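Secondary and tertiary structure notes
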Amino acid sequence: MNDSIQAIRRYLEANNLGCLDIKAALIDMDGVLFDSMPLHTLAWKHLSDDLGIEASRDEFYLYEGMTGVATVNLLFRRRFGSEPDVEEARRLYKVKAGYFQSMGRPAAMPGAYDMLSCLKREGIERVLVTGSGQPDILRRIDDEYQGLFEKHLRITAADVKHGKPHPEPYLMAQQRVDALPSQTIVIENAPLGVEAGHASGAFTIAITTGPVPKQSFIDSGADLIFDSMPQFAEQLPHLIQLFRDTSL
Ligand code: MG
């Protein structure tokens, strides 16, 4: 818990604040609420193989948060030195989305329900902030996490112009709940998502749920890093207490 107190103090100092008043948690979906990243990375690997583009499955964990079209563009720039036209990029993203869908339903992430229940109990608003536009998995929010996300508190790919690592999705979430950046925490599992959260001005928490090295989260500006979702969910009640009690 010492690490948490130090992290909160560092954040207060950097933002010139005496204390925190957290109103809302802005929560990523893939790799936080659903254990979907192993399927996403495999689907991207299939698409790369189709295109004859050399890629490792693990590298796609680092691109998580980018829009699908941006990931297609990145692969093309690397292999061919230029991007495909927009229509072609969209078509290829649909191929990848098809692979993902054919792989079945990703499991709910262990610890996620407890995390959301704890936030609700503590009176902290929950906002979904995802770069995903996949309707199937978005619909599952209501099945797995019933009553934990209000309909108007869901920011998806359809709402924003810029994907993560741009802060737009998180800035939009802060406006949606009428909160200052420093009244929000971001909960993320991807370095680019952490970068977006940090750039929005929120206290940003990184959770390790895939093969992403800790250093990537540090470099992206994470204020705190947890080793797993169950670990985070277990420590969250104490952390919320520390947010309330720690001052400069
Ligand atoms: Mg994620």
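Residues numbered from 1 in each chain as written. Predicted model: local features only at pLDDT ≥ 70, side-chain atom pairs only at ≥ 80, totals over all residues. Heavy atoms only, no water.

Once that is clear, we can look at the nonpolar core. Ranked by size, the top nonpolar core spans 44 residues in total, and within it I27, L33, M115, I187 and F232 carry the most contacts. The element contributing the most residues to this core is helix α11 (residues 229-245), with eight residues. Excluding its chain neighbours within four sequence positions, the residues that come into contact with I27 are V32, L33, M115, L116, L119, R126, V127, L128, V129, F149 and I187. With 15 residues, the next largest nonpolar core counts L26, V129, M172 and A202 among its residues. (Core = buried A, V, L, I, M, F, W, Y, C linked by side-chain atoms within 4.5 Å. Buried < 20%, exposed > 50% of the residue type's maximum accessible area, 1.4 Å probe, protein only. Helix = DSSP H or I, 4+ residues; strand = E, 2+ residues; numbered from the N terminus. Contact = heavy atoms within 4.5 Å.)

Turning our eyes to something else, we now look at the coordination of the magnesium ion. Under ideal tetrahedral coordination, the four donors around a metal are separated by 109.5 degrees; under ideal octahedral coordination, the six donors are separated by 90 or 180 degrees. Protein coordination at the magnesium ion comes from D28 (OD), D30 (O), E64 (OE) and N189 (OD1), with a distance range of 1.9 to 2.1 Å. All donors of the magnesium ion come from a single chain, and their spacing in sequence reads D-x1-D-x33-E-x124-N. One end of the pair, D30, is in the loop between β1 (24-27) and α2 (37-51); the other, E64, is in the loop between α3 (59-63) and α4 (68-80), and 34 residues separate them in sequence. Accessibility classification places D30 together with E64 in one group, the buried group. (Donors = N, O, S within 2.8 Å, 3.2 Å for Na, K, Ca; no water.)

Tallied over the full model, the rule gives eight aromatic pairs. Between Y11 and F203, the ring centres sit 5.3 Å apart and the planes meet at 70°, which makes this aromatic pair edge-to-face. Placement of Y11 in helix α1 (residues 2-14) and of F203 in strand β5 (residues 203-207) is noted, with a sequence separation of 192 residues between them. Of the two residues, Y11 and F203, neither departs from the other in class, the shared state being buried. Taking the centre distance of 5.0 Å and the plane angle of 55° together, the rings of F76 and F80 count as tilted. With F76 and F80 both in helix α4 and four residues apart, the pair spans about one turn of that helix. (Phe/Tyr/Trp six-rings, centres within 6.5 Å; stacked < 30°, edge-to-face > 60°.)

Contact pair α1 / α11: the axes reach a minimum separation of 10 Å and the direction vectors enclose 40°. By the criterion of interaxial angle, the relationship of α1 to α11 is oblique. For the pair α1 and α11, the sense of crossing is right-handed. When α1 is examined against α11, the residues S4, I5 and I8 are found in contact with a partner set consisting of L239, L242 and F243. Class assignment of the residues belonging to the contact of α1 with α11 gives a composition of five nonpolar, one polar and no charged. (Axes fitted to C-alpha atoms, helices over the stretch in contact; angles between N-to-C directions. Parallel < 35°, antiparallel > 145°, perpendicular 65-115°, else oblique. Left-handed = near helix turned anticlockwise from the far one by under 90°. Nonpolar A, V, L, I, M, F, W, Y, C, P; charged D, E, K, R; others polar.)

Bringing the packing of α4 against helix α5 (residues 86-102) into the picture now. Interaxial distance between α4 and α5 falls to 9 Å at its minimum, and their mutual angle equals 105°. Of the possible angle classes, the one that applies to α4 and α5 is roughly perpendicular. Seen from α4, the contacting residues are G68, V69, V72, N73 and F76; seen from α5, they are A89, R90, L92 and Y93.

With that settled, the discussion passes to the pattern of salt bridges. Applying the stated criterion across every chain yields a total of 12 salt bridges. The closest approach of N and O atoms between D28 and K164, which form a salt bridge, is 3.0 Å. Of this pair, D28 sits in the loop between β1 and α2 while K164 sits in the loop between β3 (154-155) and α8 (168-176); the two residues are 136 residues apart in sequence, bridging distant segments of the chain. K164 shares its class with D28; the two are buried. Among the ionic pairs, E59 bridges to R78, the shortest N-O distance being 2.7 Å. One end of the pair, E59, is in helix α3; the other, R78, is in helix α4, with 19 residues separating them in the sequence. By relative accessible area, E59 is classed as buried at 13%. Members of the salt-bridge network, linked through shared partners, are D28, K164 and E188. (Salt bridge = Lys/Arg side-chain N within 4 Å of Asp/Glu carboxyl O.)

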